[in-house]
Amino acid sequence: MAGVVLAVHDGLLAAALGVKSAEPLYRHLDLQRIRAERYRAENTPYPSWYLFGSEQKNISGLFKQYSAQGLQVTLCRESALPTLELQKFALLDVQFCTLRLPPGKPSRAPLLSGFLPVEFSSKINQADALYRQSLFRLLPVQRHYFSYSEPLLPPSEAEVWIVKYPFGSAGRCHGGHPYTVWQKAELDAKLPSLLAALPAGRQLIASEFIHHRDPYACPADHVVHKMPFFSERTSSAFAVRPYGSVCQRFLYRCRHDLLQLHKKLPLTDYTGQPLLKPGLADKIPGFAELTRQLEFHGQSRLIFSVDFLVPGDGIPRYLESNKLAATFAERFDSALPPLIDSYPMLQI
């Protein structure tokens, strides 16, 4: 029977298993027992849903889906992946880990799924890929800086700016520092000292903060759309497509009075907690154009989530992509199964 290796980030695998530290490898028979336990357990974290499914959320999970295809499944901790004899397997799935490909391709390398070059984990490289194709048409006006960069903001009429980091999520960098929102005059004055404090090799992003009023939502003045996408093989290449037509909208009413008082705020203090409502992505005038510009993701079978804004001109502004997102188990479109259950069925 052919085999598949699911390589998973060390911390995610430990969370999925409910242990402090995961073993290097888990074989198919062990996984059958673990899946039976984890599938029925309540209040498990989302990595467990992805690997083992969830009765509570009506998700099958990757172990079940791959087993149904006649594949023997091995779970591998990301840190143990370099020691694994990959030639023994038909498929290597790296959707939930980071893989740096060595130069050249071994003659007996397995098929690869879930691969995106590691440089695209950086928001800067993601934005650069879009900028090379369409300049700032599909991006907020932004600039990234090193400590030695000229401390000037890019030309923009925006009076509110966000300072963020190349790596991070949920409004924070990997080290836990929050993204911050600034009045333009304050950021102009403080940008030299911000750059001077950057450690060597570290980068910072300053981007215009886009407000757009939505009279049908709260009324909100900042709406982030989150949309699932996938990439699968066609006859000649990999094609990127949205998964269904429904996105999730995060509706915010920003604290303009608080920002005016303090000049600088942590992002969540400025936006507050969002109200979540579904939206129809295919009704956005520029959505098809955005989808075409995401083709740089199409380097293997892949699932990912995209955050974007839609100002009054109807042209989406791309914020970031995540190939590891906490939304793959959600049903945005009730006509489709969760994306994690469809993923193993996509063309490799």
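Scroll up for the structure.
Structural notes, computed from the coordinates. (Residues numbered from 1 in each chain as written. Predicted model: local features only at pLDDT ≥ 70, side-chain atom pairs only at ≥ 80, totals over all residues. Heavy atoms only, no water.)

1. Re the pairing of strand S7 (residues 160-164)
Line of reasoning, step 1. Burial analysis of S7 places 5 of its 5 residues in the buried class, which makes it a mostly covered element.
Line of reasoning, step 2. Where burial is concerned, the two faces of S7 agree: the one with Val160, Ile162 and Lys164 and the one with Trp161 and Val163 are both buried.
Line of reasoning, step 3. Taken together, the 4 bridges between S7 and strand S10 (residues 180-183) define a ladder with antiparallel strand orientation. Along S10, the bridge assignment pairs Trp161 with Trp182. (Buried < 20%, exposed > 50% of the residue type's maximum accessible area, 1.4 Å probe, protein only. Helix = DSSP H or I, 4+ residues; strand = E, 2+ residues; numbered from the N terminus. Pairing = 2+ DSSP bridges.)

2. With respect to the sheet that holds strand S11 (residues 204-208)
The pairing of strands in a sheet comes from backbone hydrogen bonds and takes either a parallel or an antiparallel form.
Line of reasoning, step 1. Ordered by their spatial adjacency, 5 strands build an open sheet running S6-S11-S7-S10-S15, and the pairing between neighbours is antiparallel. Of all strands in the sheet, those bounded by a partner on one side alone are strand S6 (142-145) and strand S15 (264-266). On average, each strand axis in the sheet is inclined to that of its neighbour by 20°, with strand direction left out of account.
Line of reasoning, step 2. In this sheet, S11 lies alongside S7 in antiparallel orientation, the contact comprising 4 bridges. Following the sheet pairing, Ile162 is matched in S11 by Ser207. (Axes fitted to C-alpha atoms, helices over the stretch in contact; angles between N-to-C directions.)

3. Some details on the nonpolar core
Line of reasoning, step 1. Residues Leu51, Tyr66 and Leu75 are the most contacted members of the largest nonpolar core, which totals 34 residues.
Line of reasoning, step 2. For this core, the secondary-structure elements that each account for two or more residues are strand S1 (3-8), helix H1 (10-17), helix H2 (28-40), helix H3 (46-52), helix H4 (62-68), strand S3 (72-77), strand S4 (91-96) and helix H10 (339-342).
Line of reasoning, step 3. Non-local contacts of Tyr66, meaning those with residues more than four positions away in its chain, are made with Val4, Leu6, Leu71, Val73, Leu91, Asp93, Arg301, Tyr343 and Pro344.
Line of reasoning, step 4. By size, the runner-up hydrophobic cluster in this structure holds 24 residues, among which are Phe120, Ala129, Leu290 and Leu302. (Core = buried A, V, L, I, M, F, W, Y, C linked by side-chain atoms within 4.5 Å. Contact = heavy atoms within 4.5 Å.)

4. Digging into H2
Line of reasoning, step 1. Over its 13 residues, H2 runs 18 Å from end to end, which matches the ideal 18 Å to within 8%, given 1.5 Å per residue.
Line of reasoning, step 2. Residues of H2 that are buried include every one of His28, Leu31, Ile34, Arg35, Arg38 and Tyr39, and no others.
Line of reasoning, step 3. On its buried face, H2 is in contact with H1, strand S2 (25-26), H3, H4 and S3. (Expected span 1.5 Å × (residues − 1).)

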